[in-house]
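# Overview (structure and organization)
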Amino acid sequence: MKSIGLNIDKAFGTIAKEQVFAQAAKADASNNLLHSGKGAGNDFLGWLHLPSSITEAELADIEQTANLLRSKCEIVVAIGIGGSYLGTKAVTEALNNSFDPLLTDRKNPVILYAGQNIGEDYLFELSEVLKGKQFGIINISKSGTTTEPALAFRILKKQLEEAVGKAEAKQRIVAITDARKGALRTLADQEGYKTFIIPDNVGGRFSVLTPVGLLPIAVAGISIRELVKGAVSMEKATAADIPFADNLAAVYAAVRNELYKNGRKIEILANFHPKLHYIGEWWKQLYGESEGKDGKGIFPASVDLTTDLHSMGQWIQDGERSIFETVISVESPDHTVKVPSDAADLDGLNYLAGRRVDEVNKMAELGTQMAHVDGGVPNLKVSLPEVSPYYIGQLFYFFEKACGISGYMLGVNPFDQPGVETYKKNMFALLKKPGY
Ligand code: PA5
């Protein structure tokens, strides 16, 4: 089996290769600290060995529940926000047909999302779409108290109960939450919903390989076994005993920290594959919440290329030199589309006739890399042999492991997120929630 790769050859200029390798000992020490369980935030290290510790019974339980929802529902609404949403969204967008909800000959339910915003129009329109449809709900909240998903669930639960009756609604609602605490746990126990547990020691943004991600991904008809298999292979490839130069996660962590120390305060994650947009969104939460604290941290941004070359391209090429770019490069697309020949050639594209669209995309990618490197933007490349569950699993674990190492190298606790509470306190006070 191939593996995802990391190429840092074009990262140098602002920093020298020697500077990165001078960080090897610190990166290795940070990796060892993760594995020793003695570092900051060590009560949230459950993700470290999560891929290799998922049992056959757990996978079978998830698949069985997914099959029940698949048999009853044409639409499944996954309710959740942040880490309880972005992993599933990233995987389904990457692996489903780009026009999935429009497919008529369906084998899988359509997955729709709620609780990731407080949009009244969004909820109204979702509720309208669900009228007359056979739908189910996966309600995901680790804390079980987050306002956005709780609000969405209250509305959709009522709609489902009114549509199919309380008893049938119970068969179509699954709750994924804490083992003991939180409003969702109380509600699920009282109502008798099927539940899955999010382990105490796995934070939201590291939870995609728990039932949080695995259940809705399985409902979508995507192989969770392949996803986990890919993650297991990356768990091995980035273990603490892997030498620095061979350890993708340690090298990535070292390069980005060295760039940061030398004034590169923004990392732009770029893709040339439109289905990877939400991988960028997932990655932003992972790195933003893990590193942005104590007045420190690289600002994680993302772009979809070539689309955003026509909007952000000018800034990247020519704006303040405070950025570096990490490009996720997909080696092989799934399908082949060739440029047709045209007798009139009024658009002047006959020079491309017979060539694949992907060849045009690859040359755009190479041309962009050359332009940005010339423009003083250090460039890292993460290559994906193909967009498949296996390689997405590898990618998730690679970024998670690198994030843990990178956070320790930066000197922060990568596993807490005290900053996300501030807006909630203000909102609750403004809404006159009792106790605020
Ligand atoms: O990383 C985190 O823990 C947060 O961003 C959460 O993912 C997000 O707030 C959702 O929380 P919960 O799953 O508790 O509803």
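Residues numbered from 1 in each chain as written. Predicted model: local features only at pLDDT ≥ 70, side-chain atom pairs only at ≥ 80, totals over all residues. Heavy atoms only, no water.

## A closer look at a nonpolar patch on the surface
What counts is decided by this rule: Patches here: salt-bridge-free residues with over 30% relative accessible area, like charges joined within 9 Å, nonpolar side chains (Val, Leu, Ile, Met, Phe, Trp, Tyr) joined within 5 Å. In short, Shrake-Rupley with a 1.4 Å probe defines the accessible areas, and a residue's cover is counted only from the protein chains shown. A pair is scored as a salt bridge if a Lys or Arg side-chain nitrogen falls within 4 Å of a carboxyl oxygen belonging to Asp or Glu. Helix and strand definitions follow DSSP, with helices as H or I runs of at least four residues and strands as E runs of at least two, each counted in order from the N terminus. Accessible area is worked out with a 1.4 Å probe on protein chains only. A residue is then buried under 20% of its type maximum, exposed over 50%, and partly exposed in between.
A surface patch of nonpolar side chains, amounting to about 240 Å² of accessible area, comprises Ile 118, Leu 151 and Ile 155. Of note, Ile 155 is situated in helix α7 (residues 147-164). Take Ile 155: its relative accessible area is 37%, and that puts it in the partly exposed class.

## Here we look at the packing of helix α11 (residues 224-237) against helix α16 (residues 389-410)
Quick reminder of the rule: Lines fitted to C-alpha atoms define the axes, with helix axes restricted to the stretch in contact, and inter-axis angles between N-to-C directions lie between 0 and 180 degrees. Oblique is the label for any angle not covered by the other classes, which are roughly parallel (under 35 degrees), roughly antiparallel (over 145) and roughly perpendicular (65 to 115). Left-handed is the label given to a crossing in which the near helix is rotated counterclockwise from the far helix by less than a right angle, and right-handed is the label when the rotation is clockwise. The criterion used for residue contact is that any of the two residues' heavy atoms lie within 4.5 Å. Ten residue types, Ala, Val, Leu, Ile, Met, Phe, Trp, Tyr, Cys and Pro, are classed as nonpolar, four, Asp, Glu, Lys and Arg, as charged, and the remainder, Gly among them, as polar.
It is the contact of α11 with α16, at a shortest axis distance of 6 Å, that shows an interaxial angle of 45°. Comparing the axis directions of α11 and α16 gives the class oblique. Judged by the sense of rotation from one axis to the other, the crossing of α11 with α16 is right-handed. Contacts between α11 and α16 pair Glu 226, Leu 227, Lys 229, Gly 230, Ala 231, Ser 233, Met 234 and Glu 235 from the former with Pro 389, Tyr 390, Ile 392, Gly 393, Gln 394, Phe 396, Tyr 397 and Phe 398 from the latter. By residue class, the composition of the contact of α11 with α16 is nine nonpolar, four polar and three charged.

## Quick look at the site of the ligand
Operational definition: Residues are classed as near a molecule or strand on a simple rule: at least one heavy atom within 4 Å of it. Any pair of nitrogen or oxygen atoms within 3.5 Å is treated as a polar contact; in protein, a donor-acceptor pairing is required on top of that, and neighbouring residues in sequence qualify only through side-chain atoms on both sides.
Taken together, 13 residues lie near the ligand, and Ser 84, Ser 141, Ser 143, Thr 146 and Glu 289 sit nearest. Take Ser 84: an N or O atom from its side chain is 2.6 Å from an oxygen atom of the ligand. Taken by itself the ligand offers 390 Å² of open surface, and the protein chains cover 88% of this. Looking at the shell around the ligand residue by residue, the class counts come to one nonpolar, nine polar and three charged.

## Remarks on the nonpolar core
Convention followed: To qualify as a nonpolar core, a set must consist of buried Ala, Val, Leu, Ile, Met, Phe, Trp, Tyr and Cys residues joined through side-chain atoms within 4.5 Å.
Ranked by size, the top nonpolar core spans 93 residues in total, and within it Leu 214, Leu 215, Trp 282, Leu 384, Phe 396, Phe 398 and Phe 399 carry the most contacts. Tallying contributions element by element places α16 first for this core, with 14 residues. Beyond its immediate stretch of four places on either side in the chain, Phe 398 contacts Ile 4, Met 234, Leu 248, Ala 249, Tyr 252 and Val 382. Formed by 20 residues, the second largest nonpolar core is a distinct cluster that contains Ile 137, Leu 156, Ala 188 and Tyr 193.

## A short note on the sheet that holds strand β2 (residues 75-79)
The following threshold applies: DSSP-based pairing: two strands are paired if at least 2 bridges between them are found.
With parallel pairing, the five strands of this open sheet are ordered in space as β3-β2-β4-β5-β6. Two strands lie at the open edges of the sheet, namely β3 (110-114) and β6 (194-197), each paired on one side alone. The sheet shows a mean angle of 20° between the axes of neighbouring strands, direction not considered. Sheet analysis places β2 next to β3, joined by five bridges and oriented parallel. Along β3, the bridge assignment pairs Ile 75 with Val 110. Along the sheet face, helix α6 (residues 120-130) touches β2, β3 and β4 (135-141) and points at about 150° away from the line of β3. The strands touched by α7 are β2, β3, β4 and β5 (173-177); relative to β4, the strand with the most contacts, the crossing angle is about 155°.

## Topic: the sheet that holds strand β7 (residues 266-271)
The five strands are arranged β1-β10-β9-β7-β8 in an open sheet whose pairing can be described as mixed. Both edges of this open sheet fall to β1 (5-7) and β8 (299-304), since each of them pairs with a single strand only. Each strand axis lies, on average, 20° off the axis of its neighbour in the sheet, ignoring direction. Here β1 runs beside strand β10 (residues 379-386); their pairing, made up of three bridges, is antiparallel. By the bridge assignment for β10, Gly 5 is matched with Ser 383. Against the sheet, helix α12 (residues 248-261) engages β1, β7, β9 (323-332) and β10, with an angle of about 30° to β1. Strands in contact with helix α13 (residues 277-291) are β7, β8 and β9; relative to β8, the strand with the most contacts, it is inclined by about 180°.

## Quick notes on the domain arrangement of the chain
Operational definition: For the purposes of this description, domain bounds are those given by an automatic or database domain assignment. Buried area adds together the accessible area that both of two parts lose upon being put together, with accessible area traced by a 1.4 Å probe.
Parsing the chain into structural domains produces domain 1 (5-41 + 228-414) and domain 2 (50-225). One C-alpha centre belongs to domain 1, the other to domain 2; they are set 29 Å apart. Counting residues at the interface gives 25 residues for domain 1 and 28 residues for domain 2. Summed over both sides, the interface between domain 1 and domain 2 buries roughly 2200 Å², with carbon and sulfur atoms accounting for 66% of that surface. There are one salt bridge connecting domain 1 and domain 2. The salt bridge involving Glu 289 is made with Arg 205; its shortest N-O contact spans 3.0 Å.

## Thoughts on the pattern of salt bridges
A full pass over the atoms with the stated rule returns 26 salt bridges. Across the pair Asp 100 and Arg 106 runs a salt bridge, and its minimum N-O distance is 3.0 Å. For Asp 100, a relative accessible area of 11% gives the class buried. With relative accessibility at 27%, the residue Arg 106 sits in the partly exposed group. Across the pair Lys 158 and Glu 162 runs a salt bridge whose closest N-O atoms are separated by 3.2 Å.

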